[in-house]
Amino acid sequence: MGGKSFCQPFENAAGEILKHSAKCLYKPYKEISKAFGKLPNAGLYFCGFSIILVPLIVAYWTILLGFLLAEVIIFAAFGFLLGVFFFLLGVWPSVIVTLGTTGITIIRLPMNIYYHCLVTYRTVMLRRNIKLLSFILIPIVHLLIPPVTFIIALFFHVPWFSAISFAGFPLKPWKKIAPIHAIVWKKFVTDVESFSRNYGHPSGIPMDWDGRVYGLPVDPIAVIISLFLYIFATIPVTIGVFLIFIIKAIPIFLGVLTEFWKTLNISKSLKWYKGVVTGSQAQSPPSSSTRSSPRSGHAVWSSILKKSTKGIQKFIEGYAKMNICEKYGNIIKSYAKCVKKLHPKKLGKMISGYCEDLSPLKLIPSEGGLQLLCLWIPILLTSIMWVLGLILVLTIPPGTFLLALLVWILGWIPVFILPPVFYILGWIFIIFGLPVLYILLWGLILVGPWVFVALGSLSGPLLALQIPFAMLTNNFYNPVEMWSSIKHGLAKVLKIFRSVDRVTANLSIGKVRLSSSDTIEEDTRVEERGNINYWDLYIERCIKEARRIRNLGWISQDDIESASSSSMIAIPGVTIVAILVDSIKRNKKDKTMIYWNEDNKCRDSNRDYTDNVVNLFWPQLMKVKEALISVDGDLDSAGTWVSASLCDGEDERSEQLKGALENITMKDNTHQKYLKIRSQVENIVHSLLRVQGLTSRLHEIFEIGDDEEPPILDGEQQMMLPTEGLTSDSDSGARL
């Protein structure tokens, strides 16, 4: 424990007393033993008088040990009293530490609740379900901290300090009060504030965030919002679907009727039917020509109908050509030949084979004698089993034979009666059944479209289920952005209308559509996901933009090499602006495209929704891109001014930077838009600098080296720089 115990002097004195007492008591025994050992034949005397000497020795040692034990008990009692005295001196710090620790938790309770709420609200590392659970548990958990701390501190420090004090160190617990309070203060104050600054950062991103988000797979908040969306969207979806089906009811009916007429032409069908019945023409197909035609929405049922009619046609034509008399005769001949398999000779072969192959006489030895005497019991048992088997062979096979013969004789009745009956029934079906079936089919065609329209017009609530499912699916892969999930859910409303319009148009005559037929729907586009390594592309572009703004004189090589605050904001920010400007130039209509190069184009439809870093920054980048698109005037001028303003840090401006900022003329409202874009980009950069994907590779950006002499350009020359300088030639790619 360090230091000397207050019990040590007493322990030393007690030890000396016990040692002296033991020597004094042992000395007489030692002298007597020594004198006895000098006697001649001492061992013989000891053996002879052992009955007297052994009890004396035992009694002596009992008295000696009893005396020493009494001394030990006395010293232990004094030591215990001394330990109790020290315990009474040193146990009180445990109470002080417990009260002080509990007091710290009580004093810090409001601030720690605030920090807990702040971190829970801001952090991007928790899904909303965990955040909701955390907010519910905040008051319970924090109100339990003081009593739990009091109990733990009391039960921990009282035994600890009591043991130290009782061992002779009553002052040590008093010395531990301040260090323990300092540790508790650090845990409940300093560490909590540090944790809050990191995880409760305004961006919500902790330092070196790797994109992990924790939470339950199902978000209760998302489920509740999806239910509200369903309730909200059911009415317009139901009304819209109802109107689409009602408007297209007649075109759908005419479309089905036309398709059925093409598939099963009535005039050709009647001509073919007449030929089959009269026997004059059996080759005319009842269905329409099978020439290739555009696939329509009727292909599902019309193709089935075509296959069915072809099958019926082949069957009836074959049936009409059938020679019933010849067929009838062949059936009778084939059945008559079946009796050949019931020949009586097979019964005789079975009995003779049984008697010859399984005879018990084969078990009798040829020599006889003693062997016969030993084997008579097995031979007897075998003979009995053989006789039983012979009885079965003589009864079961003949009985089976007679039963099969009886069945064959009775089978002549259906053989003579059924073929003519079936043949007559077949012609009855052809003459009367086909017209009835044709009439029923026409009835189905005349009624079916209206039933389909009625069911379809009432399918709005069922189709509206796509909205909550779309939101929940997007929220599962993108737990960071709730508004993005809501947007995906609401976007399903228009997609449902377009889908219903497209399906009903394929069923309608003339393919009537209420929306533009040239619209390319986003959900029908199939794009490959997960094959763009955006970090490699971004770092490579950062290096290129760092060289560019250095050569323009907007930032110095010293700023880059020292990783100054200005360069830390300027290089990533200028890179973001350059990439977005390139993307807008490439395709202004594609508002979600991020253009890296020809091989790597990232869109909202093909990005990786499981990457939480992308999920967090994508909406922010889209806002900046939308702001750049809405800027009045030249896009290059906007990109140049925003990029230059990002380089305008705490240091004194260079002449080139002044020229870039002052030589661009703009209106006040345009200037406000530029400032807003700059602010948005700067916020993105501040957040990016806390992401592990960028912080772990900053050294690659700031080690570009002074490989080129920066040209000195004035403001007018900078305005004449080619815009191709913003274009990336990066060819790397791997994952998004």
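Basis of the calculations
- Residues numbered from 1 in each chain as written.
- Predicted model: local features only at pLDDT ≥ 70, side-chain atom pairs only at ≥ 80, totals over all residues.
- Heavy atoms only, no water.
- Helix = DSSP H or I, 4+ residues; strand = E, 2+ residues; numbered from the N terminus.
- Buried < 20%, exposed > 50% of the residue type's maximum accessible area, 1.4 Å probe, protein only.
- Contact = heavy atoms within 4.5 Å.
- Core = buried A, V, L, I, M, F, W, Y, C linked by side-chain atoms within 4.5 Å.
- Axes fitted to C-alpha atoms, helices over the stretch in contact; angles between N-to-C directions.
- Parallel < 35°, antiparallel > 145°, perpendicular 65-115°, else oblique.
- Nonpolar A, V, L, I, M, F, W, Y, C, P; charged D, E, K, R; others polar.
- Patch = residues over 30% accessible without salt bridge, like charges linked within 9 Å, V, L, I, M, F, W, Y side chains within 5 Å.
- Areas by Shrake-Rupley, 256 points an atom, 1.4 Å probe, with all protein chains shown as cover.
- Salt bridge = Lys/Arg side-chain N within 4 Å of Asp/Glu carboxyl O.
- Lys, Arg positive; Asp, Glu negative; His and termini not counted.
- Charge placed at Lys NZ, Arg CZ, Asp CG, Glu CD.
- Pairing = 2+ DSSP bridges.
- 1 Å grid on protein atoms, 1.4 Å probe; cavity = no way out; pocket = protein on both sides within 12 Å on 5 of 7 lines; lining within 4 Å.
- Points joined across faces, edges and corners; volume = space filled by probe spheres on them.
- Expected span 1.5 Å × (residues − 1).
- Bend = angle between axes of the 7 residues up to and from the residue.
- Polar contact = N/O pair within 3.5 Å; in protein donor to acceptor, adjacent residues only side chain to side chain.
- pLDDT = per-residue confidence, 0-100.
- Phe/Tyr/Trp six-rings, centres within 6.5 Å; stacked < 30°, edge-to-face > 60°.
- Arc of directions from axis to C-beta.

## Considerations on the overall build of the protein
Then, in step 1: When helices and strands are counted, the protein shows 29 helices and 2 strands.
Then, in step 2: Looking at the protein residue by residue over its 736 residues, the buried ones come to 38%.
Then, in step 3: Sequence separation of 24 or more characterises 82% of the internal contacts of the protein that already satisfy a separation of 6 or more.

## What to know about the nonpolar core
Then, in step 1: Counting 67 residues, the largest nonpolar core has Trp 209, Tyr 538, Ile 576, Trp 596 and Leu 694 as the members making the most contacts within it.
Then, in step 2: Those elements giving two or more residues to this core turn out to be α20 (534-551), α22 (565-586), β1 (594-597), α23 (612-629), α24 (635-647), α25 (655-662), α26 (668-688) and α28 (698-701).
Then, in step 3: Core analysis: the second largest hydrophobic core is formed by 26 residues, Val 237, Trp 442, Ala 464 and Ile 467 among them.

## What about the packing of helix α1 (residues 8-37) against helix α3 (residues 50-90)?
Then, in step 1: Where α1 meets α3, the axes come as close as 10 Å, and the angle between the chain directions of the two elements is 175°. When the axes of α1 and α3 are compared, the pair comes out roughly antiparallel.
Then, in step 2: Residue composition of the contact of α1 with α3, by class: 21 nonpolar, 2 polar and 1 charged.

## Section: a positive patch on the surface
Then, in step 1: A grouping of Lys 27, Lys 30, Lys 34 and Lys 38 is seen on the molecular surface, where their side chains present a positively charged patch.
Then, in step 2: Inspection of the secondary structure assignment puts Lys 30 in helix α1.

## Side note on the pairing of β1
Then, in step 1: Strand direction decides the pairing type here: β1 and strand β2 (residues 600-602), joined by 3 bridges, are antiparallel. Within the sheet, the bridge partner assigned to Ile 594 lies in β2 and is Cys 602.
Then, in step 2: Where β1 folds back onto β2 in an antiparallel hairpin, the turn is made up of 2 residues.

## A word on the pattern of salt bridges
Then, in step 1: Using the criterion set out here, one finds 14 salt bridges in the structure.
Then, in step 2: Between Arg 697 and Glu 700 there is a salt bridge whose closest N-O contact spans 3.1 Å.
Then, in step 3: Overall, the relative accessible area of 28% leaves Glu 700 in the partly exposed class.
Then, in step 4: Counted as one network, the salt bridges with shared partners bring together Arg 541, Glu 545, Arg 548 and Asp 582.

## Regarding empty space enclosed by the protein
Then, in step 1: The final tally for this structure, using the stated rule, is 1 cavity of 30 Å³ or more.
Then, in step 2: Within this model, the largest cavity holds a volume of roughly 330 Å³.
Then, in step 3: Tyr 534, Tyr 538, Trp 596, Phe 617 and Leu 621 are, among the 17 residues lining the largest cavity, the residues nearest its centre.
Then, in step 4: Of all elements in the fold, only α20, α22, β1, α23 and α26 reach the threshold of two or more residues within the lining of the largest cavity.
Then, in step 5: Looking at the lining of the largest cavity residue by residue, the class counts come to 17 nonpolar, no polar and no charged.

## Remarks on helix α6 (residues 128-166)
Then, in step 1: A rise of 1.5 Å per residue sets the reference length of α6, with its 39 residues, at 57 Å; its end C-alpha atoms lie 53 Å apart and thus fit the reference within 8%.
Then, in step 2: Leu 137 marks where α6 bends most, by close to 45°; the proline Pro 139 follows one to four residues later.
Then, in step 3: Gly 168 lies just past α6 and shows a positive phi near 105°.

## Focus: the side chain of Ser 508
Then, in step 1: In this fold, Ser 508 is placed in the loop between α19 (482-507) and α20.
Then, in step 2: Of the polar contacts made by the side chain of Ser 508, one reaches the backbone oxygen of Thr 504; its length is 2.6 Å.

## Some details on the confidence of the model for the protein
Then, in step 1: Chain-level statistics for the protein give a pLDDT mean of 79 and a share of 83% at 70 or above.
Then, in step 2: Of all helices and strands in the protein, the one with the weakest mean pLDDT is helix α29 (residues 715-719) (39), whereas helix α4 (residues 92-107) scores best (93).
Then, in step 3: Note on residues 281-293: pLDDT under 50 across the span, and 28 contacts to partners over four residues away in sequence or across chains.
Then, in step 4: Taken together, the stretch residues 517-527 has pLDDT below 50 and engages in 11 contacts with residues farther than four places along the chain or on a different chain.

## Considering the packing of aromatic side chains
Then, in step 1: Under the criterion given, the structure shown has 22 aromatic pairs.
Then, in step 2: Arranged with centres 5.5 Å apart and planes meeting at 50°, the rings of Tyr 114 and Tyr 115 form a pair that is tilted.
Then, in step 3: For the pair Tyr 534 and Trp 535, a centre-to-centre distance of 5.3 Å together with 40° between the ring planes defines the contact as tilted.
Then, in step 4: Relative accessible area serves as the criterion here: at 10%, Tyr 534 is assigned to the buried category.

## Overview of helix α18 (residues 466-477)
Then, in step 1: Across its 12 residues, α18 extends 17 Å between first and last C-alpha, which sits within 8% of the 16 Å expected from 1.5 Å per residue.
Then, in step 2: Taken together, the buried positions of α18 are occupied by Ile 467, Pro 468, Ala 470, Met 471, Asn 474 and Asn 475. Mapping the buried residues of α18 onto a view down its axis gives an arc of 160°, with all of them on the same face.
Then, in step 3: Contacts made by the buried residues of α18 are with α6, α9 (220-247) and α19.

## A look at the packing of helix α5 (residues 109-122) against α6
When two helices pack together, their arrangement is given by the angle between the helix axes and the distance between those axes.
Then, in step 1: Where α5 contacts α6, the two axes come as close as 10 Å, and the packing angle between them is 170°. The pairing of α5 with α6 is recorded here as roughly antiparallel in orientation. In this structure, α5 contributes Leu 109, Asn 112, Ile 113, His 116, Cys 117, Thr 120, Tyr 121 and Arg 122 to the contact, and α6 contributes Lys 131, Ser 134, Phe 135, Ile 138, His 142 and Leu 143.
Then, in step 2: Across the contact of α5 with α6, the residue classes break down as 7 nonpolar, 5 polar and 2 charged.

## Regarding unusual backbone geometry
Then, in step 1: At Asp 208, a residue that is not glycine, the phi angle is positive and equals roughly 60°.
Then, in step 2: Considering the arrangement of structural elements, one finds Asp 208 in the loop between α8 (177-199) and α9.
Then, in step 3: Asp 208 sits in the partly exposed class, given a relative accessible area of 41%.
Then, in step 4: Even without being a glycine, Ala 563 presents a positive backbone phi close to 50°.
Then, in step 5: Mapping Ala 563 onto the fold places it in the loop between α21 (557-561) and α22.

## Some remarks on the side chain of Arg 697
Then, in step 1: Within the secondary structure, Arg 697 is located in the loop between α27 (692-695) and α28.
Then, in step 2: Polar side-chain contacts of Arg 697 include one of 3.1 Å to the side chain of Glu 700.
Then, in step 3: When neighbours within four sequence positions are excluded, Arg 697 is seen to be in contact with Trp 535, Asp 536 and Ile 539.

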